[in-house]
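# Structural features, examined
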Amino acid sequence: MARTYNEAIDALNSLQTPFAVIEARRSAGIRPDAASLREMRAYLARVGYTQTDLSKLNVVHVAGTKGKGSTCAFVDSILSRYRQRGGPPTRIGLFTSPHLIAVRERIRIDSVPISEETFAKYFFEVWDLLETNGSVEPEAAAPGSRPIYSRFLTLLSYHVFLSEGVNVAVYETGIGGEYDATNVVDHPIATGISTLGIDHVYVLGDTVDKIAWHKAGIMKPGCPAFTVEQVPSAAEVLKKRAVEKGVDLRVLDVDPRLAGVKIRPDATFQKRNASLAIALAETALKTLDPAFTPSPDRLPAEFVDGLEHVVWRGRCEVKAEDSVIWHVDGAHTADSLKMAARWFVGECAARGPAGPRVLIFNQQGRSEAVDFLDGLCNTVKKEDPKGKGFEHVIFCTNVTYAEAGYKRDFVNHQYNPTDIKKMTMQNIFAERWKTLDPDANILLIPSIEAAIKTARGLAGTDAPKLQALITGSLHLVGGALGILEGADAL
Ligand SMILES: Nc1ncnc2c1ncn2[C@@H]1O[C@H](COP(=O)(O)OP(=O)(O)OP(=O)(O)O)[C@@H](O)[C@H]1O
Ligand SMILES: [Mg+2]
Ligand SMILES: [Mg+2]
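Just so we're clear, the structure is a prediction, and the values are computed from it rather than from any experiment.

Reading the values: the criteria
Residues numbered from 1 in each chain as written. Chains lettered and ligands numbered in written order. Predicted model: local features only at pLDDT ≥ 70, side-chain atom pairs only at ≥ 80, totals over all residues. Helix = DSSP H or I, 4+ residues; strand = E, 2+ residues; numbered from the N terminus. Rg over C-alpha atoms; globule rule 2.2 N^0.38 Å. Buried ≥ 20, exposed ≤ 12 C-beta atoms within 10 Å, placed from the backbone. Contact = placed C-beta atoms within 7 Å. Near = placed C-beta within 6 Å. Nonpolar A, V, L, I, M, F, W, Y, C, P; charged D, E, K, R; others polar. Pairing = 2+ DSSP bridges. pLDDT = per-residue confidence, 0-100. Domains from an automatic or database assignment. UniProt positions renumbered as here; feature names shortened; annotations may be inferred. Axes fitted to C-alpha atoms, helices over the stretch in contact; angles between N-to-C directions.

### Notes on the overall build of the chain
A tally of helices and strands in the chain yields 18 helices and 14 strands. Taking 490 residues into account, the globule formula puts the C-alpha radius of gyration at 23 Å, and the chain, at 22 Å, falls close to it. Overall size of the chain, expressed as C-alpha extent along the three principal axes, is 60 × 55 × 40 Å. In the chain, which comprises 490 residues, the proportion classed as buried is 46%. Once local pairs closer than 6 in sequence are excluded, the contacts in the chain between residues at least 24 apart make up 78%.

### Points about unusual backbone geometry
The peptide bond linking G87 to P88 adopts the cis configuration, its omega dihedral lying at 0 degrees. The residue after S97, namely P98, is reached through a cis peptide bond having omega -10 degrees. Secondary-structure assignment places P98 in the loop between β2 (92-95) and β3 (107-109). Positive phi is not limited to glycine here, since H200 has a value of about 50 degrees. When you line up the elements, H200 lands in the loop between β6 (190-193) and α8 (201-204).

### Some words on the site of ligand 1
Taken together, 23 residues form the shell around ligand 1, and within it G67, K68, G69, S70 and R315 come nearest. Within the residue set of the shell around ligand 1, elements represented by two or more residues are α5 (68-84), α11 (268-288) and α13 (334-350). No other element matches α13, which puts four residues into the shell around ligand 1. Across the shell around ligand 1, the residue classes tally to six nonpolar, 10 polar and seven charged.

### Section: the pairing of strand β12 (residues 392-396)
By the criterion of burial, β12 is predominantly enclosed, with four of the five residues buried. Of the pairings in the sheet, the one linking β12 to strand β13 (residues 441-445) comprises five bridges and is parallel in character. Across the sheet, residue C396 finds its bridge partner in β13, namely I445.

### Some details on the pairing of β2
Along β2, one buried face is formed by I92 and L94 and the opposite face, lined by G93 and F95, is buried too. As paired strands, β2 and strand β5 (residues 168-172) are joined by four bridges and run parallel to one another. Of the residues in β5, the one forming a bridge with I92 is V168. Where β2 and β3 come together, three bridges link them in antiparallel fashion. Bridge assignment links F95 to a residue of β3, and that residue is I107.

### Considerations on the confidence of the model for the chain
Per-residue confidence for the chain gives a mean pLDDT of 94, with 99% of residues at or over 70. In the predicted complex, the global pTM is 0.91; the interface-specific ipTM is 0.98.

### Points about the domain arrangement of the chain
When the domains of the chain are assigned, the result is domain 1 (5-308) and domain 2 (317-485). Computed from C-alpha atoms alone, the centre-to-centre distance between domain 1 and domain 2 is 29 Å. Between domain 1 and domain 2, the contact holds 22 residues from the first and 19 residues from the second. Looking at the side of domain 1 that touches domain 2, the elements with two or more residues in it are α1 (5-13) and α2 (19-28). Broken down by element, the residue count for the side of domain 1 that touches domain 2 peaks at three residues, all from α1.

### Some thoughts on the UniProt feature "binding site: Mg(2+)" (unreviewed entry) in the chain
As annotated by UniProt and renumbered to match this structure, "binding site: Mg(2+)" (unreviewed entry) occupies S97, E172 and H200. Looking at where S97 falls in the secondary structure, it is placed in the loop between β2 and β3. A residue is classified by how many C-beta atoms lie within 10 Å of it, and S97, with 19 of them, is partly exposed. Those residues in contact with S97 that sit more than four places away from it in its chain are R106, S150, E172 and G174. With 15 C-beta atoms counted inside 10 Å, the residue H200 sits in the partly exposed group.

### Remarks on the sheet that holds strand β1 (residues 59-63)
With mixed pairing, the eight strands of this open sheet are ordered in space as β4-β3-β2-β5-β1-β6-β7-β8. Bordering the open sheet on either side are β4 (112-113) and β8 (249-252), each of which pairs with just one other strand. In the packing of α5 onto the sheet, contacts are made with β1, β2, β5 and β6, and the angle to β5 comes to roughly 170 degrees.

### Let's talk about the sheet that holds strand β10 (residues 324-329)
One open sheet holds the six strands; their spatial order is β9-β10-β14-β11-β12-β13, and the pairing between them is mixed. The open sheet has two edge strands, β9 (317-320) and β13, and neither has a second partner. Taking the axes of each pair of neighbouring strands and ignoring which way they run, one obtains an average angle of 20 degrees across the sheet. Packing against the sheet, helix α16 (residues 424-436) makes contact with β11 (357-361), β12 and β13, and its axis sits at approximately 180 degrees to β13.

So, in structure tokens, the structure goes:
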């Protein structure tokens, strides 16, 4: 087999659970459970690692419904300021999901996505070891089998980080916590739970307390645990599970030391993420460097610098073109879409007289997504002083290019192909939007590339510029950034 990055991505894509299997599991009510974690431990053993090895990574572990990735990026950015000074830490791993532009961006060392060559090299080492040692712990994972997509990437991250001498690794959970692949680490150095809400109901349950139960699964005895203000039912579950585990869970307010620190966007949710990140970074630094003592009165310059200069693409980004200002945000839950809407109106208002507004939206494969539209539409109208909504609303698929189809890194077998061809979801969205805002000009466009082209065509040649919001899915946003900046933008 040719062993290039593209070959690795094709092999990885073969580990996606096909749409039909996902559907069958959903209707049978099959969800990840303790067996998923036993399986992950077996694969870890097949690749040759023990808990002692994982402890060398000094893992900072983050779960939550929203803000996981942002929190992890803040922690990484703060720690990198200490690395740049000579450390500790000297080598920082960052594992996040999903990816925006390319799969390899989920595994970063010193804030940089690993190269295609590095990815391919380690990918096939893991791939082969799973075959060579295929019979280790046969009762936990079928002999000769390989883990599914996200679990494989988690396994790969441990191999990459341990091989590359990483001495602190920041981990975002995939889905949930208790049974998530990242939860094989028994001795993290700090755990954090960001804002909880409703998402992934098929896997985690349909109420915020059921979801909180899963996320609480990352707390470990002997390891400092932090969370932010939560809705009461979630807060209660977190507290109860912390007591059961003998964990001292600290609930953080917005850190008063953030006064004067420029957090972007300047919104409470982001200050919560930043506050959680501060506590996690302080705990990590205390573990790595006994001489490190946080001050209760002010943040060290490294923290301020790390927080102010964090890069977390696809979240609250603004890109100005000649006739369009693009606002790009990967929100994809009801709550976070309202945040995104508020942020969009705020940005437009701050810029002065604005041209027409256009929305480009998609969310594939989740039927409940149609209910996200109400909050999005109403928030934009409510937040606007003139009560104006979007003049144009474009619903597109996540297919990247009009001609060439998906970029390899975005191939997704988990969605119903017929739905995409017929634009079933997008038609449902359009019907709903008609009831929400009968005046809007609604368009259905088959690819991201064509949607962007259409939006550009709606802009007049004279000022004021068209104000576009692209949101609803990180896949949509990643594809859009690739088109706006060139395919390999990272
Ligand atoms: N604490 C928060 N509360 C509500 N919304 C948030 C919060 N933090 C971020 N968001 C919104 O959610 C979007 C995704 O943020 P982020 O990548 O940090 O989340 P995540 O938990 O990693 O999500 P996922 O992995 O499910 O995509 C952001 O663009 C922002 O609009
Ligand atoms: Mg999620
Ligand atoms: Mg994420």
